[in-house]
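Here's the letter readout for the chains.
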Amino acid sequence: MADELQKHLDSGRYSSPKLHPDEQRAYLGTFRERCYLKMTIDQMKEKNWTTVFFDHIADYQDASCLINDQVPQNIQALYIQKLSAAHIPFRIVSYEGEITEDTAGLLVVTDHAVDEPNIEIETKYQLPEEKKQPVEKKSFWKKWF
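Residues numbered from 1 in each chain as written. Predicted model: local features only at pLDDT ≥ 70, side-chain atom pairs only at ≥ 80, totals over all residues. Heavy atoms only, no water.

A. Representation of the pairing of strand β3 (residues 90-93). Sheet topology places strand β2 (residues 64-68) next to β3; 4 bridges connect them, and they run parallel. Considered in β3, the bridge of Asn-68 is made with Val-93. (Pairing = 2+ DSSP bridges. Helix = DSSP H or I, 4+ residues; strand = E, 2+ residues; numbered from the N terminus.)

B. View of unusual backbone geometry. The phi angle at Leu-28 is positive, at roughly 55°, despite the residue not being glycine. Along the polypeptide, Leu-28 turns up in the loop between α2 (21-26) and β1 (35-40). A residue is classified by how much of its surface remains accessible, and Leu-28, at 3% relative accessible area, is buried. Of note, Asp-115 is a non-glycine position whose phi angle comes to about 50°, a positive value. Residue classification places Asp-115 among the exposed positions, given a relative accessible area of 54%. (Buried < 20%, exposed > 50% of the residue type's maximum accessible area, 1.4 Å probe, protein only.)

C. Quick peek at helix α5 (residues 73-85). Given a rise of 1.5 Å per residue, 13 residues ought to cover 18 Å, and the 18 Å separating the end C-alpha atoms of α5 matches this to within 8%. Here α5 has its buried residues at Ile-75, Gln-76, Tyr-79 and Leu-83. On an axial view of α5, the arc spanned by its buried residues comes to 100°, and they lie on one face. In α5, those exposed residues whose orientation departs by more than 90 degrees from the buried face are Gln-73, Asn-74, Gln-81 and Ala-85. The positive-phi residue at the C-terminal boundary of α5 is His-87, with phi of around 60°. (Expected span 1.5 Å × (residues − 1). Arc of directions from axis to C-beta.)

D. Spatial organisation of the pattern of salt bridges. Under the criterion given, the structure shown has 2 salt bridges. Measuring nitrogen to oxygen at the nearest pair gives 3.7 Å for the salt bridge that ties Glu-120 to Lys-38. Residue Glu-120 is located in the loop between β4 (104-109) and α6 (121-124), and its partner Lys-38 is located in strand β1; the two are separated by 82 residues in the primary sequence. Under the relative-accessibility criterion, Glu-120 is labelled partly exposed at 24%. Lys-38 sits in the buried class, given a relative accessible area of 8%. (Salt bridge = Lys/Arg side-chain N within 4 Å of Asp/Glu carboxyl O.)

If you want it as structure tokens, here you go:
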């Protein structure tokens, strides 16, 4: 009885303990199992990955987006504008950790577990290859004549 009372008092004083706080910090306040897609801050700055993201965002009808507040304002504005035009709900989330190359900049999430085995955009989708014109090699004789 005393343990239950102490737990109740502690939760009132310090708030209830969080489940997997490191995971929630890494995934902008949600759990890994609720994520469909992850983009890093560096990927959000690249035009090619932005194009890939908006080409495939329609695949996730029941999803919403979480945007890291550490993403530069001009990049945030671009994503907010395009997400609003596509009628996809989003939320800007405060991030208090250290920024590294794999820090999440944007997550496509849902409110229930989806258990996607792969959420990294670079391994889930391919960048479009630029079409190159084949270079015609000239023979030795054509160079001279």
